[in-house]
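Residues per chain, in single letters:
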Amino acid sequence: MAKYKMITPPTNGTPITIVDKKLKVPDNPIIPVIEGDGIGSDIMKACRRVVDAAIEKTYNGRKQIVWFDIYAGDAALKMYGEVLPRDTFKAIKEFIVALKGPLTTPVGGGYRSLNVTLRQALNLYACVRPVRYFQGVPSPVKHPEKLNVVIFRENTEDVYAGIEWPKGTKEVKKVIDFLNKRMKTKIRADSGIGIKPISVTGTQRLVSKAIRYALDNGRRSVTLVHKGNIMKYTEGAFRDWGYKIAAKRFPDETISEAEIWDKYNGKCPDGKVIIKDRIADSMFQQILTRSDEYDIIATPNLNGDYLSDACAAQVGGLGMAPGGNIGDYVGLFEATHGTAPKYAGKDMVNPSSLILSAVMMLNYLGWKEAGLAIEKAIEKTILQKTVTYDLERLMEGATKVSTSQYATHIIENL
Ligand code: NAP
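The structure contained in this document is the topic of the report that follows.

For the protein chain, the count of helices and strands is 14 helices and 17 strands. Taken over C-alpha atoms, the radius of gyration comes to 22 Å for the protein chain, in line with the 22 Å a tight globule of 414 residues would show. Taking the principal axes of its C-alpha atoms as reference, the protein chain extends roughly 65 × 60 × 50 Å. The buried share of the protein chain, taken over its 414 residues, is 52%. Contacts in the protein chain between residues at least 24 apart in sequence constitute 72% of all its contacts with a sequence separation of at least 6. Carbon together with sulfur atoms contributes 52% to the accessible area of the protein chain, which is approximately 19500 Å² in total. Across the protein chain, the centroid of the 58 positively charged side chains sits 4 Å from that of the 46 negatively charged ones.

Here's what the structure looks like:
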């Protein structure tokens, strides 16, 4: 076991290991958990209660998660004097699967996003966000049930790589001088500069993961979403490298949309996953107007960030949208919303996003029955119209309950 400075792993659990390139999950895995800032404490408490109850009910005590509290953000600052201590990285690496609440990121100055740092340092290259409709959730569109996508957002590159220099610094001056003098560009001297790297490696491991997921879960298509008409050598290359890896690694299981029209008169041969691509701006209207034509989506970092929130809005908002950051093995599951500071400690907000992220985590562990039980119980609770403020204000005849009461209703409905 790794040595920790200020935390001690529980002794009543067993670490998850990797055997033959697969996770080996014991019946009592140690799962590190970061409570998070702001509303983190409210939603994490609710989430752990629901998850523990679902596992107990589903497996009659044969399985159990042994939670291991680790720290980031405000709590880490108090304890360690820094927002992201080494102990936290070590624990996630050692125990492989972890759950986290939201963390504050200062806008403009201050420290870099802890979320981005965690994703990059642990090489969690795919941000996976399933977005589907839960019956009864109020939605701004007529047919929210038509949307059922899983977004694979590249998590380590693009303008999120953190390579940027503020206006007026000697670093930015160097970069601007180099570009203007050597590369014959015309960048204004009073510019800030950010770099957008997109690599074959980053693209192909993400697109491969998305295709693997489509195949394992019986999904119909993988759509590469890019802005390649403008950013040809980054986003355009993402599309080309995506098609290439599909043809190279999955030649029998996939078929491109172009090939379907060229060879099969527009009708996809049975059993093949269609690989298609869409330009990002067009995709934003397509996903609204032709939601059911899309299934798995693979896209660079920034597009993925925008698109996943837009999709979440379509099925009732961020309060219902889960997410996971996944690398080759390590998985860090988290709600897609932030710390909502004005509601912190008020036992008010909707914990569904975090609970559904824990469902993704259970699926990742192979404990699908417990995950399914939670999804059904959430749906039932919403249909009974006992919901938190965010849904209550949009539903007629609903009863507003607190975060903790909502969790109790879900547990009763398991
Ligand atoms: P936010 O925390 O997501 O909150 C924005 C609004 O979304 C809230 O005011 C609330 O809307 C609604 N909301 C969010 N979570 C909710 C929940 N569980 N239940 C019900 N409603 C919910 O976004 P933000 O205010 O822009 O960001 C606050 C901080 O969080 C920032 O420091 C940001 O960087 C950070 N952040 C962290 C993560 C992460 O850790 N992964 C992700 C995003 C943002 P109403 O007021 O309309 O009810």
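On to unusual backbone geometry. If you check the backbone angles, asparagine 265 has positive phi at about 55 degrees while not being a glycine. Position of asparagine 265 relative to the elements: it lies in the loop between α8 (257–264) and β12 (273–279). Looking at asparagine 265, the relative accessible area reads 69%, which means it is exposed. One non-glycine residue, alanine 340, lies in positive phi territory at about 30 degrees. Within the secondary structure, alanine 340 is located in the loop between β15 (331–335) and α11 (352–365). For alanine 340, a relative accessible area of 27% puts it in the partly exposed group.

Parameters at a glance
- Here, residues in each chain are numbered from 1, in the same order as that chain's written sequence.
- Thresholds applied to this predicted model are a pLDDT of at least 70 for local features of residues and 80 or more for the giving and counting of side-chain atom pairs; totals over whole chains, interfaces and linings are not thresholded and use all residues.
- Only heavy atoms go into the side-chain values, all of them from the structure, while hydrogens and water stay out.
- For helices the rule is a DSSP run of H or I covering at least 4 residues; for strands it is a run of E covering at least 2, with both sets numbered from the N terminus onward.
- In this treatment the radius of gyration is a C-alpha quantity, and the globule benchmark scales as 2.2 Å times the residue count to the 0.38 power.
- Throughout this description, buried means an accessible area under 20% of the type-specific maximum (1.4 Å probe, protein chains only), exposed means over 50%, and partly exposed covers the range between.
- Whether two residues are in contact is decided by their heavy atoms: any pair within 4.5 Å suffices.
- Only the protein chains shown count as cover for residues, with accessible areas throughout obtained via the Shrake-Rupley method and a probe of 1.4 Å.
- Positive charges come from Lys and Arg alone, negative charges from Asp and Glu alone, with His and the N- and C-terminal ends not counted.
- Lys charges are placed at NZ, Arg charges at CZ, Asp charges at CG and Glu charges at CD.

Geometric values such as these leave the question of function open.
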